[in-house]
Number of protein chains: 2
Amino acid sequence: MAMIARRADLGQKVIRLSKREVHSLNPIIMSPSLVSLDLSDDWVPFSHPPSPPLFSSEQKTTVIDGKSIAEEIRTRIASEVREMNKSIGKVPGLAVVLVGQRRDSQTYVRNKIKACEEAGIRSAMAELPEDCTEEQAIRVLSQFNEDPSVHGLLVQLPLPPHLDEAKILSMVRLEKDVDGFHPLNMGHLAMREREPLFISCTPKGCVELLLRSGVEIMGKNAVVIGRSNIVGLPTSLLLQRYYATVTTVHAFTKRPEHITREADIVVAAAGVPNLVRGSWLKPGAVVIDVGTVPVEDRRSEHGYRLVGDVCYEEALGVASAITPVPGGVGPMTIAMLLSNTLDAAKRAYGLLNY
Amino acid sequence: MAMIARRADLGQKVIRLSKREVHSLNPIIMSPSLVSLDLSDDWVPFSHPPSPPLFSSEQKTTVIDGKSIAEEIRTRIASEVREMNKSIGKVPGLAVVLVGQRRDSQTYVRNKIKACEEAGIRSAMAELPEDCTEEQAIRVLSQFNEDPSVHGLLVQLPLPPHLDEAKILSMVRLEKDVDGFHPLNMGHLAMREREPLFISCTPKGCVELLLRSGVEIMGKNAVVIGRSNIVGLPTSLLLQRYYATVTTVHAFTKRPEHITREADIVVAAAGVPNLVRGSWLKPGAVVIDVGTVPVEDRRSEHGYRLVGDVCYEEALGVASAITPVPGGVGPMTIAMLLSNTLDAAKRAYGLLNY
């Protein structure tokens, strides 16, 4: 079954949170608190068939090869690291904090550390038990914060629910926040005439793919699907910095296909397999697919395969360019992490001007 | 002449900053610096006539009376301030730093201080000469930061160009940042599951007007015209927190009228008189006009009148509701400043939970 999804229960939610109630529960004048309005973005399956794709057999779709672009970038980083080592006898260092035993998190961390090794970047990892206390996590972070050989520091997400993610992420020293998740880095990314020290790796990878594929961003209509702190939000902010006209589509958006169909650039980051059908795309649109959800598949070697947010087969022949899953955005995220770590080290040693 | 505006010189800019050049000048991999891409949002007049308005004589347009809503809020704040004084013998205090002699800034500051007086809020003002040094400005801010009777602290913008606005605004202590311009407050506003200590006054006033006018925001398409740090950006972020699907239109947007015409809620904050014509609006849209530009008018008492971003006469009969200029958003901005100052004092005295 195609796992097309949308908030089927939106109507009910709206009733539960009518305008009068929103007003009486959250009168801004009494309090700026909006947390109570923080409903989750659950995209749930909807059943009616999608409209037929606007198929244009004349549209040639370029597949954006994230893997080889990422490799090129990693080679360049490796050579810069060697250069740094030769000239000042130092190499960049990345520290990763992993809490608990999630298999996916373990895989991500392993891949990051392997990529560091290949680029000549030192790496350190702290593994904490699932039931560790906030104090323990913060103590480990503080040690890495103080360690001058650690230039980049990240906490693998998600954290176990008993830990305060916001508090822990805010403990990462700004100059080492290579994930760009610190709210001050996010604020600087959002604001004009400000410079974040780091831009989150996945959004940066998406824009890098666009630029390297020769896609003009300025003046283009861009739709970002999803508004997570780690992908959707910073991608919207970054595209806007490049003068796109950005619309952020989320699970409460009515007729998302109608809005997406107006976009020259679509970044899909909802984490919902095959959410974006061919019929959602304007012919000629450039599609960046951030989604990578493992879906059971007995024919695959490991019993599952990774599926993107975009119905790839339907997008071929409609989009002018698309990133595949896997092999699109994923490899770029790691390349950008290495790039941020290199920048952090350069900055620490006075080799960057800011 | 109707001062409809748009980037006529966009084509030229695009040529100057072609994708290859963007790539070679700003390869993300080399540096996260985007400052060099920070082109100004100059909306310049364009000459071709607008398409005829989608006039619907059956659409009754409600005029949202910001002035009386703001008065009601200010009365409530005054009563809370009296209550606070009675129960703990303290009143909120606001400090304003004004640099230079701009007449408009002087008027704004005077209005803020007068509003404080009427609400029973203590106020203090520091006036610095136009040519003051950054150190002088920061010294004054530090004094207010340390003063426990000052709960809210703001720097009147714009600052003279020799002063580093970003640096100075970042000096305002987070707990006193009643303007909400500190990048950490902005980051928290942008991010999910985070709470800014303060939301900027004008955006907060806009949303307050919507809520009090019974406008449902969740699931609605909202277009914010303008992306300034002080209005456009935080308004987009705030509307998104209320589950609107937000598009930010700016001077580099192609066919802004086409995008705006899809919006259920339009917030115009470009500062360009009469930018938004009746034909830009979907019948039934709710229009919040933040623009207030003084335009010469010999028939007016002071030789000028304030003009909004929306062509008011054309919007009547198309919009379902609209804020007038003056008397719409303007009074709300000051009411929200008082509200933020009251919140700051409550927080300082442990009367708020956060």
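Just so it is clear, the model here is predicted, and its values are computed rather than measured.

Report on the sheet that holds strand β5 (residues 122–128) of chain B, specifying residues and quantitative values.
Through backbone hydrogen bonds, the strands of a sheet pair up, either in parallel or in antiparallel fashion. Residue and element names in this part refer to chain B. An order of β5-β4-β6 is seen for the three strands of this open sheet, with the pairing classed as parallel. Two strands in the sheet have a free side with no partner beyond their single neighbour: β5 and β6 (152–155). Pairs of neighbouring strands in the sheet enclose a mean axial angle of 15°, with direction left out of account. As paired elements, strand β4 (residues 93–99) and β5 share seven bridges and run parallel to each other. Each residue of the ladder has a partner; that of V97, found in β5, is A126.

An account of the environment of V81(A) is requested, with residue identities and associated values reported.
Residues and elements named next belong to chain A. Looking at the secondary structure, you find V81 in helix α3 (residues 66–88). Using a relative accessible area of 2% as the deciding quantity, one classes V81 as buried. For V81, the residues in contact, after removing those within four places along its chain, are V91, P92, A119, G120, I121 and L342.

Talk me through α3(A); I want residue IDs and the actual numbers.
Because each turn of an α-helix spans 3.6 residues, side chains separated by three or four positions end up pointing in the same direction. Residues and elements named next belong to chain A. With 23 residues, α3 extends 32 Å from end C-alpha to end C-alpha; this agrees with the ideal 33 Å at 1.5 Å per step. Within α3 the residues assigned to the buried category are G66, I69, A70, I73, I77, A78, E80, V81 and M84. Among the structural elements, α4 (103–119), α8 (201–212) and α12 (329–348) are those in contact with the buried residues of α3. Of the residues trailing α3, G89 is marked for its positive phi of about 70°.

Got a sec to walk through the nonpolar core? Specific residues and values, please.
In this structure, I217(A), L239(A), I217(B) and L239(B) are the most contacted members of the largest nonpolar core, which totals 127 residues. If near-sequence neighbours (up to four positions away) are discounted, I217(B) is found in contact with V207(B), L210(B), L211(B), L239(B), Y242(B), Y243(B), A244(B) and I265(B).

Describe the pairing of strand β9 (residues 265–268) of chain B, listing the residues and the values that go with them.
If a strand is regular, its side chains alternate between the two faces of the sheet. Residues and elements named next belong to chain B. The side-chain alternation of β9 yields two buried faces, one formed by I265 and V267 and the other by V266 and A268. Sheet topology places strand β7 (residues 221–225) next to β9; four bridges connect them, and they run parallel. When the sheet's bridge partners are listed, V223 is paired in β9 with V266. Alignment of β9 against strand β10 (residues 286–289), held across four bridges, turns out to be parallel. Across the sheet, I265 pairs through a bridge with V286, a residue of β10.

Describe in detail the packing of helix α4 (residues 103–119) of chain B against helix α12 (residues 329–348) of chain B, supporting the description with residues and values.
Residues and elements named next belong to chain B. Relative to each other, α4 and α12 sit at 55°, their axes nearing to 10 Å. Between α4 and α12, the interaxial angle falls into the category oblique. Considering how the two elements wind past one another, α4 and α12 form a crossing that is right-handed. In this structure, α4 uses N111, K112, A115, C116 and A119 to contact α12, whose residues at the interface are I334, L337 and L338. Class assignment for the residues of the contact of α4 with α12 results in six nonpolar, one polar and one charged.

About the criteria used
Residues numbered from 1 in each chain as written. Chains lettered and ligands numbered in written order. Predicted model: local features only at pLDDT ≥ 70, side-chain atom pairs only at ≥ 80, totals over all residues. Heavy atoms only, no water. Pairing = 2+ DSSP bridges. Helix = DSSP H or I, 4+ residues; strand = E, 2+ residues; numbered from the N terminus. Axes fitted to C-alpha atoms, helices over the stretch in contact; angles between N-to-C directions. Buried < 20%, exposed > 50% of the residue type's maximum accessible area, 1.4 Å probe, protein only. Contact = heavy atoms within 4.5 Å. Expected span 1.5 Å × (residues − 1). Core = buried A, V, L, I, M, F, W, Y, C linked by side-chain atoms within 4.5 Å. Parallel < 35°, antiparallel > 145°, perpendicular 65-115°, else oblique. Left-handed = near helix turned anticlockwise from the far one by under 90°. Nonpolar A, V, L, I, M, F, W, Y, C, P; charged D, E, K, R; others polar.

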